[in-house]
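Fold and contact review
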There are 2 protein chains.
Amino acid sequence: MKVRVTITLKPGLLDAQGKTIKQALESLGFKGVHDVRVGKYLELELNHGSAGATRKDVERMCKTLLANPVVETYRIELGS
Amino acid sequence: MKVRVTITLKPGLLDAQGKTIKQALESLGFKGVHDVRVGKYLELELNHGSAGATRKDVERMCKTLLANPVVETYRIELGS
């Protein structure tokens, strides 16, 4: 089972990397870029069965290793 | 308009960061993790109008700055 995890900084926290990318895009001539937020993306290939158990497992992975729950939020999408 | 960009290493290329995360998950007791691939995730807030023009713009951003087309692929999702 493929699971996609997207980890982003919580809203309101300063995203320095995003700000830098926004400035770089503007200096390259791209107009109308209001905001850029940067995050991490992970694709996990797991052999779990039920969707509920898999989601629970991946949530535990996020809390213990993949994300920093103090400053980051995560989104879990179960695939096929 | 919110645009989500996911940038991942091309399939077949060694993902050292993903391998390390896989090993860390296993050492934490998570079973059944077959593979982990790591990528970048970007949320762009743009003020463009048509979906076609926006996608074209973001593709140009990916090719010139956000991704390395030699080793990376990108996926663009237009939001609301």
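Residues numbered from 1 in each chain as written. Chains lettered and ligands numbered in written order. Predicted model: local features only at pLDDT ≥ 70, side-chain atom pairs only at ≥ 80, totals over all residues. Heavy atoms only, no water.

1. Details of the sheet that holds strand β1 (residues 2-9) of chain A
The following threshold applies: By the convention used here, strands pair only if DSSP detects at least 2 bridges between them. Per the convention used, a helix needs a DSSP run of H or I reaching at least four residues, while a strand needs a run of E reaching at least two, with both numbered from the N terminus. To define axes, lines are fitted to C-alpha atoms, for helices over the stretch in contact only, and angles between the resulting N-to-C directions are given on a 0 to 180 degree scale.
One open sheet accounts for 6 strands, arranged β3(A)-β1(A)-β2(A)-β2(B)-β1(B)-β3(B); its pairing is antiparallel. Two strands in the sheet have a free side with no partner beyond their single neighbour: β3 (72-78) of chain A together with β3 (72-78) of chain B. In this sheet, adjacent strand axes meet at a mean angle of 25 degrees when their direction is disregarded. Two elements, β1(A) and β3(A), share 7 bridges in a ladder whose sense is antiparallel.

2. Details of the packing of helix α1 (residues 16-27) of chain A against helix α2 (residues 51-66) of chain B
Each pair of packed helices can be summarised by the angle the axes make with each other and by the distance between the axes. Here is the rule: Orientation categories follow fixed angle ranges, with anything under 35 degrees roughly parallel, anything over 145 roughly antiparallel, 65 to 115 roughly perpendicular, and all other angles oblique. The criterion used for residue contact is that any of the two residues' heavy atoms lie within 4.5 Å. Under the scheme applied, nonpolar residues are Ala, Val, Leu, Ile, Met, Phe, Trp, Tyr, Cys and Pro; charged residues are Asp, Glu, Lys and Arg; polar residues are all the others, including Gly.
Across the interface, α1(A) lies against α2(B) with an axial gap of 11 Å and an inter-helix angle of 105 degrees. Overall, the two elements α1(A) and α2(B) adopt an arrangement that is roughly perpendicular. Of the residues in α2(B), those in contact with A:Ile21, A:Ala24 and A:Leu25 of α1(A) are B:Met61, B:Leu65 and B:Leu66. Of the residues that constitute the contact of α1(A) with α2(B), the class distribution is 6 nonpolar, no polar and no charged.

3. Brief notes about the layout of surface pockets
Which entries qualify depends on this criterion: As defined here, a cavity is a set of points on a 1 Å grid over the protein atoms alone where a 1.4 Å probe fits but cannot get out. A pocket is an open set with protein on both sides within 12 Å along at least five of seven lines, and residues line them when an atom is within 4 Å of a point. Grid points are joined across faces, edges and corners, and a volume is the space filled by probe spheres set on the points.
Computed from the structure, the largest pocket encloses a volume of approximately 170 Å³. Along the wall of the largest pocket there are 13 residues; nearest its centre are B:Gln17, B:Val38, B:Gly39, B:Lys40 and B:Glu72. Going through the elements one at a time, β2 (33-46) of chain A together with β1 (2-9) and β2 (33-46) of chain B are the ones with two or more residues in the lining of the largest pocket. Across the lining of the largest pocket, the residue classes tally to 4 nonpolar, 5 polar and 4 charged.

4. Some remarks on the interface of chain B and chain A
Our working rule: Once two parts are joined, some of their accessible surface, as seen by a 1.4 Å probe, is lost; buried area is that loss totalled over both. In the sections that follow, a salt bridge refers to a side-chain nitrogen of Lys or Arg positioned within 4 Å of a carboxyl oxygen of Asp or Glu.
With 33 residues of chain B at the contact, the number on the chain A side is 33 residues. Contact between chain B and chain A buries roughly 2,700 Å² in total, counting both sides, with carbon and sulfur atoms accounting for 67%. Together, B:Phe30, B:Tyr41 and B:Leu65 form the three largest contributors to the area buried by chain B at its contact with chain A, with a combined 22%. Put simply, chain B and chain A have 0 salt bridges between them.

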